[in-house]
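Listed below, chain by chain, are the residues.
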Amino acid sequence: MNDNTNNELLDNWLALTSLQANINNELENVLQEKYSLTLKEFYVLYFLSQTSEKKLRLLQLQEMVGLSQSAISRLVGRMEAKNCGALQRHVCEDDRRGVYTCLTELGEDKFKRALATFNEFFAQSTSLRDALQQELQSLNKKW
C-alpha cells in the first residue's frame, strides 16, 4: 500500500466520524429541545425498554451506554429526579451491591415520544442519510 492509499483511507474515516458527530449533535439538539433528553439518556431509555422487566443493573447499563460508573450513576440520578421521573432505582434483594434501575411509566411514555421524533428526524434528513451512505460505500470499496 502506498502513502496515498493510507491517507485516502484516513481521510474517508475522518469524514465518516465527522459526519457521525454532526448527526449526533443535530439529533441531540432535537431531543434536548423537545424532551430535555441527551442522546445518552435516550439510549438509557431505549436499552431499558428492550428488556422484558424494563430494568437493568447499573453495571450493565454502564457498559451498554459506554459511560464510567460515576457518569452512569449521575445520569440515572438526574433521570430519577422529580422533574424527570423516567427511572427508579432499586437495590437487589439477593446482592445488596447490585443496583438496578427500571423504566417508569412516565419514562416509557417519554421514550415512545422521543423515538417517534428520532424516526422523524431520520426520515426528514435525506441529505444526512445520503452523505452517510456515500461515506460508507467509499470506505467499503477500500476494504
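**Q** What should I look at first to understand the side chain of Q62 in this one?
**A** In this fold, Q62 is placed in helix α3 (residues 58-65). In this structure Q62 touches L67, S68, Q69 and I72, once residues within four positions along its chain are discounted.

**Q** For this particular structure, what's the right way to read the nonpolar core?
**A** Where a protein is soluble and globular, its nonpolar side chains tend to be buried together. L31, V44, L45, L61, M79 and L87 are the most contacted members of the largest nonpolar core, which totals 28 residues. Within the residue set of this core, elements represented by two or more residues are α1 (3-35), α2 (39-49), α3, α4 (69-80) and α5 (105-124).

**Q** Whenever I open this one, the pairing of strand β3 (residues 99-103) confuses me. Can you help?
**A** A regular strand places its side chains on the two faces of the sheet in alternate fashion. When strand β1 (residues 55-57) meets β3, the two strands line up antiparallel, connected through three bridges. Within β3, the residue paired with K55 across the bridge is C102. Strand direction decides the pairing type here: strand β2 (residues 87-91) and β3, joined by five bridges, are antiparallel. Note on β3: the bridge partner recorded for H90 is Y100.

**Q** Which parts of the structure should I look at to understand the packing of α2 against α4?
**A** Relative orientation and spacing of two packed helices are given, respectively, by the angle between their axes and the distance between those axes. One way to put it is that α2 packs onto α4 with a least axis distance of 11 Å and a crossing angle of 80 degrees. The orientation of α2 relative to α4 falls into the category roughly perpendicular. When α2 is examined against α4, the residues K40, E41, V44 and L45 are found in contact with a partner set consisting of I72, L75, R78 and M79. Residues belonging to the contact of α2 with α4 are distributed by class as follows: five nonpolar, no polar and three charged.

**Q** Is there a simple way to think about the pattern of salt bridges in this case?
**A** Between side chains of opposite charge, a pair can form as their charged atoms come close. Enumeration according to the criterion identifies four salt bridges in this entry. The shortest N-O distance in the salt bridge between K55 and E53 comes to 3.8 Å. Residue classification places K55 among the partly exposed residues on the basis of a relative accessible area of 31%. With a closest N to O distance of 3.2 Å, R89 and E80 form a salt bridge.

**Q** Explanation requested: the sheet that holds β2 in the structure shown.
**A** Picture the strands of a sheet paired through backbone hydrogen bonds; they go either parallel or antiparallel. Here we have three strands laid out as an open sheet, ordered β1-β3-β2, and antiparallel in their pairing. What marks the edges here is a single partner per strand, and that holds for β1 and β2. Adjacent strand axes in the sheet meet at a mean angle of 25 degrees when their direction is disregarded. Along the sheet, α4 makes contact with β2 and β3, crossing β2 at roughly 120 degrees.

**Q** So what exactly am I meant to see when it comes to the packing of aromatic side chains here?
**A** To describe a pair of aromatic rings, you give the distance between the ring centres and the angle between the ring planes. Evaluated as defined, the whole model comprises seven aromatic pairs. Here the aromatic rings of F42 and F118 are separated by 5.5 Å at their centres, their planes lie at 20 degrees, and the arrangement is stacked. Remark: F118 occurs in helix α5 and F42 occurs in helix α2; sequence separation between them is 76 residues. For F118, a relative accessible area of 23% translates into the label partly exposed. Here F121 and F122 contribute two aromatic rings whose centre-to-centre distance is 5.0 Å and whose plane-to-plane angle is 90 degrees, an arrangement assigned as edge-to-face. In this structure F121 comes out as buried when scored by relative accessible area, which is 10%. The partly exposed category is assigned to F122, whose relative accessible area is 26%. Grouping aromatic residues by their ring pairs yields a cluster made of F42, Y43, Y46, F47, F111, F118, F121 and F122.

Conventions used here
Residues numbered from 1 in each chain as written. Predicted model: local features only at pLDDT ≥ 70, side-chain atom pairs only at ≥ 80, totals over all residues. Heavy atoms only, no water. Helix = DSSP H or I, 4+ residues; strand = E, 2+ residues; numbered from the N terminus. Contact = heavy atoms within 4.5 Å. Core = buried A, V, L, I, M, F, W, Y, C linked by side-chain atoms within 4.5 Å. Buried < 20%, exposed > 50% of the residue type's maximum accessible area, 1.4 Å probe, protein only. Pairing = 2+ DSSP bridges. Axes fitted to C-alpha atoms, helices over the stretch in contact; angles between N-to-C directions. Parallel < 35°, antiparallel > 145°, perpendicular 65-115°, else oblique. Nonpolar A, V, L, I, M, F, W, Y, C, P; charged D, E, K, R; others polar. Salt bridge = Lys/Arg side-chain N within 4 Å of Asp/Glu carboxyl O. Phe/Tyr/Trp six-rings, centres within 6.5 Å; stacked < 30°, edge-to-face > 60°.

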